[in-house]
Amino acid sequence: MTISKNNELFILGTSALLITLFLFFIDEGNYNFNWIEEPFVLMIFGIYAIPIFLGQLFIYKVFLKNSKSTKKIVLSIFGGSIIGITATVSILLSGILT
């Protein structure tokens, strides 16, 4: 099974949003979604979701561009998520944004 070019961005974007929702569910909301009512937290949500998506897209387009395997999207989701989360946390902890 191959994934069309139109679906790859949708799959990666959806997975980035779901991963970020899960992280915020267990961290910000203390196992609930009450945090979603606060505008500032939604901005922080975007600060996490966008790098996760870009990390996934980077792995998909750069490292796995010649791969025709069906595992390509799965590897991109896991590898890119790790890269995106690590980059975001590193930037936030380094104090660049303060």
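Note that the coordinates shown come from a computational prediction; the quantities given were computed from them, not determined experimentally.

Rules used throughout
- Residues numbered from 1 in each chain as written.
- Predicted model: local features only at pLDDT ≥ 70, side-chain atom pairs only at ≥ 80, totals over all residues.
- Heavy atoms only, no water.
- Phe/Tyr/Trp six-rings, centres within 6.5 Å; stacked < 30°, edge-to-face > 60°.
- Helix = DSSP H or I, 4+ residues; strand = E, 2+ residues; numbered from the N terminus.
- Buried < 20%, exposed > 50% of the residue type's maximum accessible area, 1.4 Å probe, protein only.
- Contact = heavy atoms within 4.5 Å.
- Salt bridge = Lys/Arg side-chain N within 4 Å of Asp/Glu carboxyl O.
- Lys, Arg positive; Asp, Glu negative; His and termini not counted.
- Polar contact = N/O pair within 3.5 Å; in protein donor to acceptor, adjacent residues only side chain to side chain.
- Expected span 1.5 Å × (residues − 1).

K.L.:
Explain the packing of aromatic side chains to me, using residue names and the numbers behind them.
P.N.:
In total, this model carries 3 aromatic pairs according to the counting rule given. Note on F24 and F45: the rings are 5.4 Å apart at their centroids and 75° apart in plane angle, and the pair reads as edge-to-face. Of this pair, F24 sits in helix α1 (residues 5-26) while F45 sits in helix α2 (residues 39-63), placing them 21 residues apart in sequence. Owing to a relative accessible area of 4%, F24 belongs among the buried residues under this scheme. A centroid spacing of 5.8 Å and a plane angle of 80° characterise the contact between F24 and Y48, whose relative ring orientation is edge-to-face. Taken as a pair, F24 in helix α1 and Y48 in helix α2 lie far apart in primary sequence, 24 residues in all.

K.L.:
Please give an account of the side chain of T88 that cites residues and values.
P.N.:
Relative to the helices and strands, T88 resides in helix α3 (residues 72-94). Apart from residues lying up to four places away in sequence, T88 is in contact with I47, Y48 and P51.

K.L.:
Give me the lowdown on the pattern of salt bridges, citing residues and values where you can.
P.N.:
Within the structure shown, the criterion is met by 1 salt bridge. E8 is the salt-bridge partner of K61, the closest N and O atoms lying 2.9 Å from each other. A residue pair is termed long-range when its members are at least 10 positions apart, and K61 in helix α2 and E8 in helix α1 qualify at 53 residues. Take E8: its relative accessible area is 2%, and that puts it in the buried class.

K.L.:
So, the side chain of K72: which residues are in play, and what are the values?
P.N.:
Here K72 is to be found in helix α3. One buried charged residue, K72, remains without a salt bridge, the closest side chain of opposite sign being E8 at 5.9 Å. Only 3.1 Å separates the side chain of K72 from the backbone oxygen of L64, close enough to count as a polar contact. When residues no more than four places from it in sequence are discounted, the contact partners of K72 are Y60, L64, K65 and S67.

K.L.:
Can you tell me about α3, naming the residues and giving the values?
P.N.:
Compared with the 33 Å implied by 1.5 Å per residue over 23 residues, the 32 Å span of α3 between its first and last C-alpha is a close match. K72, I73, S76, I77, G80, S81, G84 and T88 are the residues of α3 that are buried. Downstream of α3 by a residue or two, G95 has a phi angle that is positive, lying close to 90°.

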